[in-house]
Structures are given as C-alpha cells and as structure tokens.
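Tertiary structure, described
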Amino acid sequence: MLDQLIYLFRRVFRNIRQSPVLCSAAVGTVAVALTILAFFSLIVINIQSLAAHWSEEIQIVAYLEREPSPARLKQWRDGIEAMPEVAAVRYVNQQEALRRFKSRLGSDSDLLEGFGAEILPASLEISLREQYRNRESAETVVGRLRQNPELAEFNYGQDWLERFEAFLELLRFGAVVLGFFLLFAALFIVANTIKLTLYARRDELEIMALVGATPWFIKVPFLLEGALQGALGAFLALGGSLALFQFFLRQGLVALLSVTGGDQIVFLDWQQQLLLIGTGILLGLVGSVLSLRKFVRI
Amino acid sequence: MIHLYNVCKNYQKDAASALHNLNFKIAKGDFVYITGPSGAGKSTLLKLLYCAEKPSRGQILVNGKNITRMGSSHIPQLRRHTGIVFQDFKLLDNRTLFENVAFPLEVQGKKRFEISNKVYQALKHVGLHGKLQKYPLQLSGGEQQRVAIARALVVDPLILLADEPTGNLDLEVTLEIIELFKKANARGTTVLLATHDQEMIRRFPRRVIALENGQLVNDSAP
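The present account deals with the structure reproduced in this document. On a predicted model such as this, the values are computed, not experimentally measured, just so you know.

Cut-offs applied
- Residues numbered from 1 in each chain as written.
- Chains lettered and ligands numbered in written order.
- Predicted model: local features only at pLDDT ≥ 70, side-chain atom pairs only at ≥ 80, totals over all residues.
- Heavy atoms only, no water.
- Core = buried A, V, L, I, M, F, W, Y, C linked by side-chain atoms within 4.5 Å.
- Buried < 20%, exposed > 50% of the residue type's maximum accessible area, 1.4 Å probe, protein only.
- Helix = DSSP H or I, 4+ residues; strand = E, 2+ residues; numbered from the N terminus.
- Phe/Tyr/Trp six-rings, centres within 6.5 Å; stacked < 30°, edge-to-face > 60°.
- Pairing = 2+ DSSP bridges.
- Axes fitted to C-alpha atoms, helices over the stretch in contact; angles between N-to-C directions.
- Parallel < 35°, antiparallel > 145°, perpendicular 65-115°, else oblique.
- Contact = heavy atoms within 4.5 Å.
- Nonpolar A, V, L, I, M, F, W, Y, C, P; charged D, E, K, R; others polar.

1. Focus: the nonpolar core
Core analysis: the largest hydrophobic core is formed by 41 residues, its most contacted members being Leu34(A) and Ile218(A). Residue assignment for this core shows that the elements contributing at least two residues are α2 (20–55), α6 (158–200), α7 (202–210), α8 (215–257) and α9 (270–295) of chain A together with α3 (97–107) of chain B. Judged by nonpolar contacts, the second largest core, of 39 residues, contains Val126(B), Ala150(B), Ala152(B) and Leu153(B).

2. Things to note about the packing of aromatic side chains
For the coordinates displayed, the defined rule picks out five aromatic pairs over all chains. With a centroid separation of 6.0 Å and 85° between ring planes, the pair formed by Phe39(A) and Phe40(A) is classed as edge-to-face. Arranged with centres 6.2 Å apart and planes meeting at 85°, the rings of Tyr50(B) and Phe86(B) form a pair that is edge-to-face. Of this pair, Tyr50(B) sits in the loop between α1 (42–49) and β4 (57–62) while Phe86(B) is found in strand β6 (residues 82–86), placing the two residues 36 residues apart along the sequence.

3. Details of the sheet that holds strand β3 (residues 123–128) of chain A
Residue and element names in this part refer to chain A. Across the sheet, four strands lie side by side as β2-β3-β1-β4; this open sheet has antiparallel pairing. Two strands lie at the open edges of the sheet, namely β2 (86–92) and β4 (151–155), each paired on one side alone. In this sheet, adjacent strand axes meet at a mean angle of 20° when their direction is disregarded. Pairing of strand β1 (residues 59–64) with β4 involves four bridges; the strand directions are antiparallel. Of the residues in β4, the one forming a bridge with Ala62 is Phe154.

4. Quick word on the packing of helix α5 (residues 141–153) of chain B against helix α6 (residues 171–186) of chain B
All names here are of chain B. For the pair α5 and α6, the least separation of the axes is 10 Å and the interaxial angle reads 10°. Classified by the angle between their axes, α5 and α6 sit roughly parallel to one another. Each of Gly142, Gln145, Arg146, Ile149 and Leu153 in α5 lies in contact with α6, whose residues at this interface are Val173, Glu176, Ile177, Leu180, Phe181 and Ala184. Among the residues forming the contact of α5 with α6, the class breakdown is seven nonpolar, two polar and two charged.

Structure, rendered in structure tokens:
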C-alpha cells in the first residue's frame, strides 16, 4: 500500500518535472481566475459587511401630535418597551428637538430666532435589538404603533432602506452570476490546459493501457496532478489578491464607501481562504476529469 | 489457446469488412505467422486479440475466456498476460531502457526489488543489459525493437502479439529479432507474428495464416 502511494507520488512529480511549461500554464490559469474571483469577492464582502454595520443605526422615530402628560408617556414607553423587537425608547421633547435642530444648523442657527419650541414635534426614538435591525421588523413595530392615534408620523429611513436593500440584492446577484461565469471560464481554460498536457503524454497513456494498466491506475496521478496544480494556483491567487488588497483595493474601498480609516475594510477570513483553496483544488480535479475522459480509453 | 468463430469486423456500417468470417484455432505454444498484403486485416486481427477493438460479429476465445463478452474492467487483466510488439516500437523516449521495460511491472504493482531483477534479466535476454540507463533515441532501430520485445516478455506473457516487428529493420537485425521470438516460443509463449515479409517466413517456416481483403485465404503448416 505504502509502496503504491510512493509510486503514485513519484509519477505525479515525474509528470510535473517532464512538462514544467504546461504545468506552469495550468497553475497560472487557476491563479489568474481565482485572483479575479477573490478580488470581486472582497468588494462584495466588504460592501456587505459595511451594510450590516450601517443597518445597526436603524431606529424608528415616532412623532407625536402633542407633548403627552408624564403618566401617559410612561404608559406608552412601557407598552413599547415590552415589544420583543425593541431595545430602548428615548423621549425627545419639543425643547430638546429645537436644541438639536439648532446645533445641527450650527452657524445658521440664528435662522430660528423668533421661533418657539412648538414648531417642532416631540418624538419617541425607538432603537431595535440587534437581530431585528431590518426593514421587516421596523415595519412590524411601526404597524403596532400606528394603533395609537397620538403618534402622528413615523420615520425609519424606509426609502433609503428599500434602495439600499435592492442595491445589496443586485450586488449579491451580480457577484453570483459573475462568479459562476468566472469559474466556468476558469474550468474551461484549466480543462484545456490539462488536455494539452495529456496530449503531450498520449503515448504514455496508450502504452500504459496496452501493458494492462487499469483506468484508475492511469487516471489517479493525473487527477492528483490536477488537484496539486489547482491548490498551487489557489495559493498564488491568495497571495496575489492579498497584494492587490493591500496596495489598491483597501484604499479604493475606503474612498468608495466613505468609511473613516481602513480598519472596517477586511481581507478574506480563514474560512473564505480555505474555500478559495478548495475551489482551486476542485477546478484542477474537474478539469482533469473532463480531459481524461477523452484520452483514457481502455 | 485462441479460437475465432465467424469473426467479422466493420469499422463503418456500409464500408467493406476489415475482417470477414474468420474461423481458426491456435494451440498453446504455437508460433503462427499472420501474413497478407497491406490492408489485408493483419493489424485488425491483432487489435481484436488485445481488445483494442471489438468484433462486429462472431466470438473470440482466449485461454478459455470469451473476450468479445468481456467487460472493459477485465481488459487490463487480459493484457497483463499478453505481450505486444509494434513496428514503431512505442517506447517512451523520455525514459531510460530500464524504466521502459519496468513499466508493465509497475503497472502490475510489483515490488521494486522484483522489478529490478526481472528488468535486468529481460534486458540481458535481448543483449542490452549494458545499456540500462540509456534512452531509446540513443539506440539503433534494431536495439529499440529489442527493448520493446524485452518489455513485452518481462511479464512472462502467455501470448506474444507482434505487428510487423521487423518492418523498419534490415535483414541482419530481422534475423536477431526472430531469434528472440523463437526463444520466447521455446519457453512456452504462444507467438502470433503479423508480417508481409515472405523472406522471413521462408527462412523460419512455421504455420501461416494468410489474409486477403479481410478473408482467410490460406492456413498451412510447413
């Protein structure tokens, strides 16, 4: 058993040694394809993670017709806080609203001179628990709040949320479609490159079959070689995409997404890196299988 | 050892038969020439015997087994007991003589010391044991064919199939090659040698199966 394994690996390395150019072409193809894939994945992953970060700021603001009595306010707050989605409720009275508005206007705050606090409505700022920070939960809560006629108007960034969620959906869809096409193109190129290596060794394959080699005996070293090339290509892609990320992508995404500092822009985590290497191995294996079907006929 | 019953082979549906209604038997330990002009069907017949092709009709029994009904998973086993020699040698140019001859034994999963021993004996048998580490292209045509014969014989085959093995060689070398086939035959291997070289048949008379346009036209022993 051990003898056969050693023999198998000797054959794999002999094959690689005998056609280094073709072998490098296969590794290079996998590397380029996976680098492009990793590059787009990084963009999508970072936009998604920032989206998740932004959604943490989702809160519902319920504007009141008039300032309630303290007893009434307490009754409302207790009712709202009892909702499972709600993390906290903060009451902003008219004075506080005017003060905030003034501070937001900054040097233009003198525009408000002569106006009293009554021009702005009091409001309840309702923040949601982490798992409920999405449009659906916000709408559920607002639906319940609407039963209280004293609450006149609600704002939870619905337009912005809808557009943002649609954009994310499009981004995810685009990434899946692009990833699929990229993988398919890579598979096609890898299979053809491996086919070239097999074509260069067709005499060996023919002689093997003639001296009584089983199909698996012939195929396994080529499958291992394909997997090895795929893995090597994936490692190169990982290195390449890390370099691209460090030198270009991080700054590009910081500028594009207007985040402060590059800390929020992340590289692939270890599971995603493993997935990339697994994809490389799979590419090499499937590429070999597709090519071997044509060449190994007993 | 080898029985053919009404064997026909058509490569294309409406084309003329490459082999037509062949019937003959070859006993264990026989030495048989398959002869005929180019296109007579000699190579096709050998291909049927090592299962590179399937007959369109008829049955072929080799060593008691019907190889026409044999599944593809059993073909490697059949080939491990069959030595095959070609006109163009079919050696691997990027491997040494030792590695070329060791190839069938590696395929069979033999141990390394057994391989070394057998390969050395096989190359000694064909007089090339002094060139173990040479590459095929460093040898003459005759020497290359001797390596191919060593590769065919290293597995102690029951049957040796040779397709025009001396087609590219001069008379002197041809005589050396035929000697090797005779020695293998003397050790009990059944030899089928396809050739159109009448001089060879005249010098070493043996049973002759003559084909023409895929048909058996003569089956005679000296």
